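# Fold and contact review
In case you want the letters, here they are:
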Amino acid sequence: MLLYEYPPKIDKRTAQLVEFSAANERKKIKKNATKSLVIGLIIVLISFFVPQTVVKIFILLIAGFNIFTAYLLYKSAEQINDKNNWTRIYDDHIEHSQTSVVSGKATEISFYYDDVEKTSQNLLGEMVFNLKNTENTKVFVKTKKGTKEAPVKNNTVSLYFVNSKPKIFLIDNLYEKINYPKKNYLVIEDDEDTDF
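What counts as what
- Residues numbered from 1 in each chain as written.
- Predicted model: local features only at pLDDT ≥ 70, side-chain atom pairs only at ≥ 80, totals over all residues.
- Heavy atoms only, no water.
- Pairing = 2+ DSSP bridges.
- Helix = DSSP H or I, 4+ residues; strand = E, 2+ residues; numbered from the N terminus.
- Axes fitted to C-alpha atoms, helices over the stretch in contact; angles between N-to-C directions.
- Buried < 20%, exposed > 50% of the residue type's maximum accessible area, 1.4 Å probe, protein only.
- Salt bridge = Lys/Arg side-chain N within 4 Å of Asp/Glu carboxyl O.
- Patch = residues over 30% accessible without salt bridge, like charges linked within 9 Å, V, L, I, M, F, W, Y side chains within 5 Å.
- Areas by Shrake-Rupley, 256 points an atom, 1.4 Å probe, with all protein chains shown as cover.
- Lys, Arg positive; Asp, Glu negative; His and termini not counted.
- Charge placed at Lys NZ, Arg CZ, Asp CG, Glu CD.
- Contact = heavy atoms within 4.5 Å.
- Polar contact = N/O pair within 3.5 Å; in protein donor to acceptor, adjacent residues only side chain to side chain.
- Parallel < 35°, antiparallel > 145°, perpendicular 65-115°, else oblique.
- Left-handed = near helix turned anticlockwise from the far one by under 90°.
- Nonpolar A, V, L, I, M, F, W, Y, C, P; charged D, E, K, R; others polar.

### Describing the sheet that holds strand 3 (residues 93–99)
On the basis of which strands lie adjacent, the open sheet formed by 6 strands has the order 1-2-3-4-7-8 and antiparallel pairing. Sheet topology places strand 1 (2–6) and strand 8 (146–149) at the edges, where each strand pairs with a single neighbour. Ignoring strand direction, the axes of neighbouring strands in this sheet form an average angle of 15°. Sheet analysis places strand 1 next to strand 2 (residues 86–90), joined by 4 bridges and oriented antiparallel. Looking at strand 2, one finds that Tyr-6 is bridged to Thr-87.

In structure tokens:
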């Protein structure tokens, strides 16, 4: 049974509003990426007029970093409302598709919660699932050349969520099934209304 789906099914009018908002967001990000690229190129031009080699290398490193940042901004703008980024959370398994920002490859992953030994998060915010059994796990990589099945490396699957809502739903509602270390925080409630 389907418990959660991202992006959620919405009516046509709401979809148009979401697409309009996403288009404006992409436009802003691409504008900032273009500014960053231009600044990087200006820094490269300035470096030709600097006589010291050490300073010139430092300036070129700054320019390279700025140009790389512009590239990442541009690629992340393309991921907003990308049709290849989706998640379907069922009561017994998960189906997830994610697109790499750098390479543009789309990866579709499907596995059952019974196969999960433990779950954690890495420093990038990806959910890392260590699997006992990979027989029911399916990983497909879509490139421009076509789709091919990929092997599961080290019995580990990492999911990157473009939107944090599916990840939060998974942690809040299915932490026991995915063996995620759920922390129970102490909630302090004030029984009395005290006015000072």
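There's plenty left to go through after this.
### What about unusual backbone geometry?
With phi around 55°, Asn-154 is a residue other than glycine that occupies positive phi space. For Asn-154, a relative accessible area of 73% gives the class exposed. A positive phi is found at Asn-155, a non-glycine position, where the angle reads about 55°. Of note, Asn-155 is situated in the loop between strand 8 and strand 9 (156–159).

### Here's the deal with the pattern of salt bridges
As enumerated under the stated definition, the model contains 3 salt bridges in all. Glu-95 serves as the salt-bridge partner of Arg-88, at 3.5 Å between the closest nitrogen and oxygen. Among the ionic pairs, Lys-142 bridges to Glu-108, the shortest N-O distance being 2.9 Å. Remark: Glu-108 occurs in strand 4 (residues 106–112) and Lys-142 occurs in strand 7 (residues 138–143); sequence separation between them is 34 residues. In the salt-bridge network here, residues are joined through shared partners; they are Glu-5, Arg-88 and Glu-95.

### Some remarks on the pairing of strand 5 (residues 116–121)
Sheet topology places strand 5 next to strand 6 (residues 127–131); 5 bridges connect them, and they run antiparallel. Across the sheet, Gln-121 pairs through a bridge with Met-127, a residue of strand 6. Between strand 5 and strand 6, which pair antiparallel and follow one another directly, the connecting turn spans 5 residues, one of which, Gly-125, has a positive phi of 90°.

### Description of a positive patch on the surface
A surface patch of positive charge is lined by Lys-105, Lys-145, Lys-148 and Lys-153. Accessibility expressed as a relative area gives 57% for Lys-148, which makes it exposed.

### Details of helix 3 (residues 164–174)
For helix 3, every residue scored as buried is listed here: Pro-166, Lys-167, Phe-169, Leu-170, Ile-171 and Leu-174. Those residues of helix 3 that are buried lie in contact with strand 1, strand 2, strand 3, strand 5 and strand 6. The N-terminus of helix 3 is capped by Asn-163, whose side-chain oxygen sits 2.9 Å from the backbone nitrogen of Lys-165.

### Points about the sheet that holds strand 6
Taken together, 3 strands build an open sheet; the order of strands is 5-6-9 and the sheet is antiparallel. Looking at which strands have only one partner, the edges of the open sheet turn out to be strand 5 and strand 9. Taken pair by pair, the neighbouring strands of this sheet meet at an average axis angle of 20°, ignoring direction.

### A few points about the packing of helix 1 (residues 12–47) against helix 2 (residues 53–79)
The geometry of helix 1 relative to helix 2 is characterised by a closest axis approach of 8 Å and an angle of 165° between their N-to-C directions. Relative to helix 2, the element helix 1 lies roughly antiparallel. Like other packed secondary-structure pairs, helix 1 and helix 2 cross with a definite hand, here left-handed. Partitioned by chemical class, the residues of the contact of helix 1 with helix 2 number 16 nonpolar, 7 polar and 3 charged.

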